[in-house]
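Letter by letter, the chains look like this.
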Amino acid sequence: MTSATRSKARSPMAPPASFLWTRRVVLTLLAGFVALPVFVMVSSSLKPLEDVTGKFRWIPSGLTVRPYFDIWDTVPLARYFVNSLIVAGAATVLSVVIAVFAAYAVSRYSFRGKRVFTVTVLSTQMLPGILFLLPLFLIFVNIGNSTGVALYGSRGGLILTYLTFSLPFSIWMLIGYFDSIPKDLDEAAKVDGCGPVGALFRVVVPAAIPGIVAVAVYAFMTAWGENLFASVLTNDTTRTLAVGLRGYATQNDVYWNQVMAASLVVSLPVVAGFLLLQRYLVAGLTAGAVK
């Protein structure tokens, strides 16, 4: 038996050609199905208004970048962009900081009510978010009337609202990730003179960067694209991007080319951040959520 024959005999059985072609066709169809909405969005953002009004035209009469300049004048998009950055950024930072301390305490220490706390945190994810809309509205209005602290119609109230959504899941996922980190690392840090907080920030947090990044991305995306609570709990000054996109629709017409252009501009920060942090996000979700 020749060396080539022996190598061929040891190699695993290759899949049949029909299976390979079927897989290629299916993946191509799925890729086309996913890319079609993106193509429609990009092409519509480069068309004149008459080409996107009424029946959709696959072949435009002309291409223009004018919608990308008009979106800033039709509605105060820059102000909405700043509001969204402030709200989403603050909600993300608070969610990560609180979740790190809470998850570390649950993962490393035993205390009375620990199981009740973890079950309560997880059970909050079983309820639809719309159930909290009216209670939060009434709470913010009553706090403003009794104390003068304006939560309704403010960025602070919206930050607290998004924190109630992202924090429970963030705590639960970080608990699983911290559990996967050996406790021997904490003990070694304490032997070297670190206290509990020092062991957390010098040893555990660096080892849990993928999980923390996954939590941060989740919290940011939750706040960035939320529409229902932002439409009720904000005013013209504190309106976010998700709500501000409605401004391109008037009583007489809808500026579809500007809507598509603004949607692309709005999605760029999230897409860029996801691409940059993708490897951390996958590792964090795998180690935390599965654990």
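Just so you know, these numbers come straight off a predicted model, no measurement behind them.

**Looking at the overall build of the protein chain**
Part 1 of the argument: In terms of helices and strands, the protein chain carries 14 helices and zero strands.
Part 2 of the argument: Listed by position from the N terminus, the elements making up the protein chain come as α-α-α-α-α-α-α-α-α-α-α-α-α-α.
Part 3 of the argument: Contacts in the protein chain between residues far apart in sequence, at least 24 positions, make up 75% of those at least 6 positions apart.
Part 4 of the argument: Summing over all exposed atoms, the protein chain offers an accessible surface of approximately 17200 Å²; the carbon and sulfur share of this is 69%.

**Section: the pattern of salt bridges**
Oppositely charged side chains can form a pair if their charged atoms are brought close together.
Part 1 of the argument: This structure, assessed with the given rule, holds two salt bridges.
Part 2 of the argument: A salt bridge links aspartate 70 to arginine 66, with the nearest nitrogen and oxygen atoms 3.1 Å apart. Taken together, the residues span about one helical turn, with aspartate 70 and arginine 66 both in helix α3 (residues 66–74) at a distance of four residues.
Part 3 of the argument: Across the salt bridge formed by arginine 239 and aspartate 236, the nearest N and O atoms sit 2.6 Å from each other.

**Structural notes on the packing of aromatic side chains**
Part 1 of the argument: For the coordinates displayed, the defined rule picks out eight aromatic pairs.
Part 2 of the argument: By way of ring pairs, the aromatic residues Phe81, Phe220 and Trp224 are connected into one cluster.
Part 3 of the argument: Positioned over the ring face of tryptophan 21 is arginine 24, at 4.9 Å from the centre of the ring.

**Some thoughts on the side chain of serine 44**
Part 1 of the argument: Looking at the secondary structure, you find serine 44 in helix α2 (residues 17–45).
Part 2 of the argument: In contact with serine 44, not counting residues within four places along its chain, are Val52, Phe56, Asn257 and Met260.

**A short note on helix α10 (residues 209–224)**
Part 1 of the argument: The terminal C-alpha atoms of α10 lie 22 Å apart, and with 16 residues this matches the ideal 22 Å at 1.5 Å per residue to within 8%.
Part 2 of the argument: Within the span of α10, buried status applies to Pro210, Gly211, Ile212, Val213, Ala214, Val215, Val217, Ala219, Ala223 and Trp224.

**Considerations on the environment of valine 215**
Part 1 of the argument: By secondary structure assignment, the location of valine 215 is in helix α10.
Part 2 of the argument: Note on valine 215: relative accessible area 1%, which makes it buried.
Part 3 of the argument: In this structure, the C-alpha to C-alpha distance between valine 215 and serine 170, residues 45 residues apart in sequence, is 5.5 Å.
Part 4 of the argument: Among residues more than four places away in sequence, those in contact with valine 215 are Val96, Ser170, Met173 and Leu174.

**Quick word on a nonpolar patch on the surface**
Part 1 of the argument: A cluster of nonpolar side chains, namely Val93, Leu94, Val97, Ile98, Phe101, Val197 and Phe201, defines an oily patch on the protein surface of about 590 Å² accessible area.
Part 2 of the argument: Listed by contribution, the elements that provide at least two residues to the nonpolar patch are α4 (77–108) and α9 (196–207).
Part 3 of the argument: It is α4 that provides the largest number of residues to the nonpolar patch, a total of five residues.
Part 4 of the argument: Tracing the sequence through the fold places leucine 94 in helix α4.

**Brief notes about the nonpolar core**
Part 1 of the argument: Formed by 31 residues in total, the largest nonpolar core has its most connected members in Ile71, Leu77, Tyr162, Trp224, Leu241 and Tyr248.
Part 2 of the argument: Elements represented by at least two residues in this core include exactly α4, α6 (133–147), α7 (155–179), α10, α11 (228–233), α12 (241–244) and α13 (256–276).
Part 3 of the argument: If we skip the residues at most four places from it in the chain, tyrosine 248 touches Ile71, Thr74, Val75, Leu77, Asp253, Val254, Tyr255, Gln258, Val259 and Ala262.
Part 4 of the argument: Val96, Ala99, Leu200 and Val205 belong to the second largest nonpolar core, which has 27 residues in total.

**With respect to the side chain of asparagine 83**
Part 1 of the argument: Along the polypeptide, asparagine 83 turns up in helix α4.
Part 2 of the argument: Once residues lying within four places of it in the same chain are set aside, the contact partners of asparagine 83 are Arg155, Thr237, Thr238 and Arg239.

**Observations regarding the environment of serine 61**
Part 1 of the argument: Relative to the elements of secondary structure, serine 61 occurs in the loop between α2 and α3.
Part 2 of the argument: For serine 61, a relative accessible area of 57% puts it in the exposed group.
Part 3 of the argument: Put simply, serine 61 and proline 48 are 13 residues apart on the chain and 8.0 Å apart in space, counted from C-alpha to C-alpha.
Part 4 of the argument: Excluding anything up to four places from it in sequence, serine 61 contacts Pro48 and Asp51.

Reading guide: rules and limits
Residues numbered from 1 in each chain as written. Predicted model: local features only at pLDDT ≥ 70, side-chain atom pairs only at ≥ 80, totals over all residues. Heavy atoms only, no water. Helix = DSSP H or I, 4+ residues; strand = E, 2+ residues; numbered from the N terminus. Contact = heavy atoms within 4.5 Å. Areas by Shrake-Rupley, 256 points an atom, 1.4 Å probe, with all protein chains shown as cover. Salt bridge = Lys/Arg side-chain N within 4 Å of Asp/Glu carboxyl O. Phe/Tyr/Trp six-rings, centres within 6.5 Å; stacked < 30°, edge-to-face > 60°. Lys NZ or Arg CZ within 6 Å of the ring centre and 35° of its normal. Expected span 1.5 Å × (residues − 1). Buried < 20%, exposed > 50% of the residue type's maximum accessible area, 1.4 Å probe, protein only. Patch = residues over 30% accessible without salt bridge, like charges linked within 9 Å, V, L, I, M, F, W, Y side chains within 5 Å. Core = buried A, V, L, I, M, F, W, Y, C linked by side-chain atoms within 4.5 Å.

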